[in-house]
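Each chain is listed here by its residues.
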Amino acid sequence: MSTHTTATRRATTGLRVAVVGGSLTGPTTALLLLHAGFDDVTLYEAAPASAPLGGGLIGVEHSSLDILDQLGVSQHEFVRYNSETVMDITVCGRRRGSEHRHLYAGRNTTWTLLHQALTRRLPTGILHTGKRVTALTSEHDRPLLHFADGDTATADLVIFADGRASTGRRLLDPHRQLRYAGYVAHRGQSTTTESGLRDFLRFEPTDSGMQFNVAPIPGGTDWTFYLGATPAQYIDFFGAAPARRVFALPQHVTHAARAAVDASAQQYLPDEQAALVHNTTSRMAAAVMDIDPPNRMVWPVGTGHAVLLGDALAPVRPHTARGANNGIEQAAGLTAALSQHRKYGADLTTALHGWQHRYLPAAVAAVQLGPQLGRQYGLGV
Ligand SMILES: Cc1cc2nc3c(=O)[nH]c(=O)nc-3n(C[C@H](O)[C@H](O)[C@H](O)COP(=O)(O)OP(=O)(O)OC[C@H]3O[C@@H](n4cnc5c(N)ncnc54)[C@H](O)[C@@H]3O)c2cc1C
C-alpha cells in the first residue's frame, strides 16, 4: 500500500488503535476492528514469536461462536468434537454414582485451536511479538505506550487485552488486585484417547472438595483436576507464589505437584480416570484467583482513551466458563461502538461509555458467580 493511500485511509477512519495481548481477546478484537474498516490497528504481544504456546479446553457459547462466524472463522476449523452433552457424574468411594446429562449452549474447543484460527487470519504486519508493554503515559495529549525493549508507540485508543496479570489493569485500576482462591486447576493433555469419549464429563467426588473434568481433544484427552493447595504448597508445586505465577507451564510443574495430583487421583477418582491422570506426561496448571468486580472499563488518557477487556478487565474462575466468552462479546460490543463513531460521527467518549454501560454488568456477574460455584463444589476460601 502506498504512503498516500495509507494517509488517505487514516484520514477516513481517523483512529489509531493499539491492542495489547495476542492470546484470544486481543486477536479477536483486532480482527473485528479490521473487518469493520479500521485500518490503523496494531497488536502487541509480550511473548516472542518462538515461545511455545498451548492451552486446554474452552467452552465457547453461541453468542461468541456467532461473532467468530461473522469474522469468517468457521466452527469446523476449531471445533473438532461437536458434542453438546455434559455428563455430571457423582463419585463415592472411587465408584461412579448417579449421572445427570444436560446440554451446553455452545461447543468445546481448545485454546490452541482457537488461537491458531484467529492468528492465522491476522494480515501481515499487524501482530508485533516480543513487545511487552510496561507503562502508559501521554505525549502531545495522546496515549503513549512504553515497551520493555525501550520502544514507544502512540495511539488514540489503547485496548488492554493482556490477561489475568494485566499490566493495563495495574496501570489504570491499581486497587483491583488478584487474590488466590486457595485451589488450583491442574491440567493435563494425554496422547491417549479414551475409547468412546465424545462428551464433556464432570466428575464430582461427594466426599471431598474437588472436581475432575475430562473431554476429548484432537490426538488425545484433556483433563482438569481442581484441588485445594495452600500458598506454601503452590510455591512447592510451581516454584512461585500464585499471584506471581498465575499460569504454571509444563516446565514449572515440579515432581511434588505431579505426585500430589497423582495421589489425589488415586484416592478419589475411579480407576479409569486415575490411570488417565497417572499416564499423562504433559501437565500445566492455573491458580484460581479472585478479584473485586470492575466498576469501569474506560479511562481517559490525554484526549485519547484506554480500555480493559477480557481477563484484563475481569478474570473469572474457570468453572464459570465465561472468561473467553466475555472477552469475545466485549470485543464485538466495542467494535460496534467504535463503528458508530467512525461511520456516523458518534461522540467517541459517549460511545465508549455506552459500551461500558452495556457490558459491565455481565463482567461483574461472572466475577461474582465464581466463588458461588466454588462453594457449591466445596472448593476455595
Ligand atoms: C482451567 C481453565 C478452564 C477455562 N475454561 C473456560 C471456558 O470453558 N470458557 C471460557 O470462556 N473461558 C474459559 N477459561 C478462561 C479463558 O481461558 C480465559 O478467559 C481466556 O484465555 C482469556 O483470554 P485473554 O486473551 O483475555 O487473556 P489471556 O489468554 O490471559 O492472554 C493475555 C495475553 O496478553 C499477553 N500479555 C500479558 N501482559 C502483556 C504485556 N504487558 N504486554 C504485551 N502483552 C502482554 C500474554 O502473553 C497473553 O498472550 C478457562 C481458563 C482455565 C484456566
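Here the structure is a predicted model, which is why all the values come from computation and not from measurement.

Visitor: Residues and numbers for the site of the ligand, please.
Guide: The environment of the ligand is formed by 30 residues, the closest being Ser23, Thr25, Glu45, Gly59 and Ala324. Contacts to the ligand include Leu24, whose backbone N or O atom sits 3.2 Å from an oxygen atom. Between the ligand and Asn325 there is a distance of 3.0 Å, counted from an oxygen atom to a backbone nitrogen or oxygen. In isolation the ligand has 1,000 Å² of accessible area, and contact with the protein removes 86% of it. Breaking the shell around the ligand down by element, the ones donating at least two residues are strand S3 (57-61), strand S12 (179-190) and helix H10 (323-344). The residue inventory of the shell around the ligand, partitioned by class, reads 13 nonpolar, nine polar and eight charged. Three or more residues apiece are contributed to the shell around the ligand by two domains, here domain 1 (3-46 + 130-177 + 292-376) and domain 2 (75-108 + 179-290).

Visitor: Just give me the short version of the packing of helix H7 (residues 231-238) against helix H8 (residues 255-268), but keep the residues and values in it.
Guide: Two elements in contact, H7 and H8, have axes separated by 6 Å at closest approach and are oriented at 115 degrees. Residues Asp236, Phe237 and Phe238 of H7 form the contact with H8, whose own contacting residues are Ala256, Ala257 and Ala260.

Visitor: Break down the pattern of salt bridges for me, with residues and values.
Guide: As enumerated under the stated definition, the model contains 17 salt bridges in all. Notably, a salt bridge pairs Asp40 with Arg16, separated by 3.1 Å at the nearest N-O pair. With a gap of 24 residues between them, Asp40 in the loop between helix H2 (25-35) and strand S2 (41-44) and Arg16 in the loop between helix H1 (3-13) and strand S1 (17-20) connect regions that are remote in the sequence. For Asp88, the salt bridge is made with Arg202, and the minimal N-O distance between the two is 2.9 Å. Within this pair, whereas Asp88 is found in strand S4 (residues 85-92), its partner Arg202 is found in strand S13 (residues 200-205), the two being separated by 114 residues in sequence. Classification of Asp88 as buried rests on a relative accessible area of 15%. What makes Arg202 buried here is its relative accessible area of 18%. Via salt bridges that share partners, Glu61, Arg322 and Glu329 belong to a single interconnected network.

Visitor: So, the packing of H10 against helix H11 (residues 348-376): which residues are in play, and what are the values?
Guide: In the contact formed by H10 and H11, the axes pass within 8 Å of each other and the chain directions differ by 165 degrees. Between H10 and H11, the angle falls in the class roughly antiparallel. When the axes of H10 and H11 are compared, the crossing they make is right-handed. Here Asn326, Glu329, Gln330, Gly333, Leu334, Ala337, Leu338 and His341 of H10 come into contact with H11, specifically with Leu348, Ala351, Leu352, Trp355, Arg358, Tyr359, Ala363 and Ala366.

Visitor: How would you sum up the pairing of strand S11 (residues 157-160)? Please name residues and give values.
Guide: Burial along S11 is two-sided: Leu157 and Ile159 and Val158 and Phe160, pointing in opposite directions, are all buried. Note that S1 and S11 share four bridges and pair parallel. Paired with Val20 across the bridge in S11 is Phe160. Pairing geometry for S11 and strand S19 (residues 304-308), over four bridges, is parallel.

Visitor: Any chance you could break down the domain arrangement of the chain for me, citing the residues and the numbers?
Guide: Segmentation of the chain into domains returns domain 1 (3-46 + 130-177 + 292-376) and domain 2 (75-108 + 179-290). With 10 residues of domain 1 at the contact, the number on the domain 2 side is 13 residues. One can count six residue pairs in polar contact (both at pLDDT 80 or more) joining domain 1 with domain 2. Of the residues belonging to the side of domain 1 that touches domain 2, the class tally is three nonpolar, four polar and three charged.

Visitor: Describe H7, and please don't skip the residues or the numbers.
Guide: Since the α-helix turns once every 3.6 residues, residues separated by three or four places project in the same direction. Buried residues of H7: Tyr234, Phe237 and Phe238, and no others. Down the axis, H7 shows its buried residues gathered within 70 degrees of arc, on one side only. Looking at the buried positions of H7, the neighbouring elements they touch are S12, strand S16 (247-248), H8 and strand S17 (282-290). Where H7 ends, the next residue or the one after it, Gly239, has phi of about 80 degrees, a positive value.

Rules used in this analysis
Residues numbered from 1 in each chain as written. Predicted model: local features only at pLDDT ≥ 70, side-chain atom pairs only at ≥ 80, totals over all residues. Heavy atoms only, no water. Near = heavy atom within 4 Å. Polar contact = N/O pair within 3.5 Å; in protein donor to acceptor, adjacent residues only side chain to side chain. Areas by Shrake-Rupley, 256 points an atom, 1.4 Å probe, with all protein chains shown as cover. Helix = DSSP H or I, 4+ residues; strand = E, 2+ residues; numbered from the N terminus. Nonpolar A, V, L, I, M, F, W, Y, C, P; charged D, E, K, R; others polar. Domains from an automatic or database assignment. Axes fitted to C-alpha atoms, helices over the stretch in contact; angles between N-to-C directions. Contact = heavy atoms within 4.5 Å. Salt bridge = Lys/Arg side-chain N within 4 Å of Asp/Glu carboxyl O. Buried < 20%, exposed > 50% of the residue type's maximum accessible area, 1.4 Å probe, protein only. Parallel < 35°, antiparallel > 145°, perpendicular 65-115°, else oblique. Left-handed = near helix turned anticlockwise from the far one by under 90°. Pairing = 2+ DSSP bridges. Arc of directions from axis to C-beta.

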